[in-house]
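What the coordinates show
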Amino acid sequence: MALLHRAELRPSKLDLLAAWLPGRPWFAGTPGAEVTRVATYRFDDPAGEVGIETMLVRAGDGPVLQVPLTYRGAPLAGADRWLVGTTDHSALGPRWVYDACGDPVYAPALAAAVLADAGQAEEYFEVDGRREVRAPNMTLAGTRTGAAPALGAVDEVVDGDPTLIRAGDVELALVRRPAPADAPAPARLTGAWAGQADPVLLAYAR
């Protein structure tokens, strides 16, 4: 489960993405245009230390882009290449925001969703000591191939569309411009949201 905070971020996530996205090799849209949120989903960090959120956004009139992010309370050693930016969280303090593809907590979570249909984390707020669940704004469906493999260290990340995450014998592919499509492998993750009734391909594994 993902505990959310009613908090203000300066700069906001969308402001960070507006500055960061145009430099990506898979970017499509209008540089400098307003970045708008389309839908989001979250995964759990078993240790409860790192926030893992995938944002589906648009830059101006461009196509939907998929951006998984991790939120950390301290810099991740050796991950400067994947740093999106830093922000001040009114409840948690400074947060370092990374492209999750380069964060070691992300690959096992993505593998579980793709290969074991683990789904998304339930999001909730703490309100006067009570748990207030927030309904998801999109649906996910993975491929139930059994338990997700225990991934070792990530060996390589190749940024592109798709972005490839290689760990041992497993290769995960994150689709940066999701669209209705067949995956080139039997194990896949698809999603849908309001205004997108036909599921789109989000990721696959081989």
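As the structure is a prediction and not an experimental result, all values here were calculated from the model. (Residues numbered from 1 in each chain as written. Predicted model: local features only at pLDDT ≥ 70, side-chain atom pairs only at ≥ 80, totals over all residues. Heavy atoms only, no water.)

Side note on the nonpolar core
As a reminder of what qualifies: Residues belong to one nonpolar core when they are buried, are Ala, Val, Leu, Ile, Met, Phe, Trp, Tyr or Cys, and are joined through side-chain atoms within 4.5 Å. Burial classes follow relative accessibility: with a 1.4 Å probe on protein chains only, a residue under 20% of its type's maximum area counts as buried, one over 50% as exposed, and anything between as partly exposed. In this description a helix means any DSSP run of H or I spanning at least four residues, a strand means any run of E spanning at least two, and both kinds are numbered starting from the N terminus. Should any heavy atoms of two residues lie within 4.5 Å, those residues are considered in contact.
Ranked by internal contacts, the top residues of the largest apolar core, which has 38 residues, are F43, Y106, L110, L172 and L189. Taken together, the elements giving at least two residues each to this core come down to β3 (35-43), β4 (51-59), α2 (106-116), β10 (138-141), β12 (163-167), β13 (170-174), β14 (187-193) and β15 (196-205). Broken down by element, the residue count for this core peaks at eight residues, all from α2. What F43 contacts, discounting residues up to four positions off in sequence, is I52, Y106, A109, L110, A113, G119, Q120, A121 and L140.

Regarding the sheet that holds β14
Here is the rule we go by: We call two strands paired when DSSP finds no fewer than two bridges between them. Helix axes are fitted only over the stretch in contact, all axes being lines through C-alpha atoms; the angle between N-to-C directions runs from 0 to 180 degrees.
Sheet architecture is open: six strands sit in the order β10-β14-β15-β13-β12-β11, paired in antiparallel fashion. The open sheet terminates on both sides in strands that have one partner only, identified here as β10 and β11 (156-158). Taking the axes of each pair of neighbouring strands and ignoring which way they run, one obtains an average angle of 20 degrees across the sheet. Where β13 and β15 come together, three bridges link them in antiparallel fashion. When the sheet's bridge partners are listed, L172 is paired in β15 with A205. Relative to β14, α2 is tilted by about 85 degrees, and along the sheet it contacts β12, β13, β14 and β15.

Focus: unusual backbone geometry
The bulk of non-glycine residues show a negative phi, and the bulk of peptide bonds are trans. Omega for the bond connecting D161 with P162 falls within 30 degrees of zero, at 5 degrees, which places this linkage in the cis form. Inspection of the secondary structure assignment puts P162 in the loop between β11 and β12.

Brief notes about the sheet that holds strand β6 (residues 83-89)
Strand order in the open sheet formed by six strands is β2-β6-β7-β5-β4-β3, and the pairing between neighbours is antiparallel. Because the sheet does not close on itself, it has two edges, and the strands there are β2 (9-10) and β3. Both β3 and β4 contribute to a ladder of eight bridges, which runs antiparallel. Within the sheet, the bridge partner assigned to Y41 lies in β4 and is T54. Its contacts with the sheet place helix α1 (residues 13-20) against β2, β3, β4, β5 (65-72), β6 and β7 (93-99), and it is angled at close to 155 degrees to β6. Sheet contacts for α2: β3, β4 and β5; angle to β3, the most-contacted strand, approximately 85 degrees.

Topic: the confidence of the model for the protein chain
What counts here: As a per-residue measure, pLDDT tells how confident the predictor is, with possible values from 0 to 100.
With 90% of its residues at a pLDDT of 70 or more, the protein chain shows a mean pLDDT of 89. For residues 1-5, every residue scores under 50 in pLDDT, and the model assigns this stretch 23 contacts once sequence neighbours within four places are set aside.

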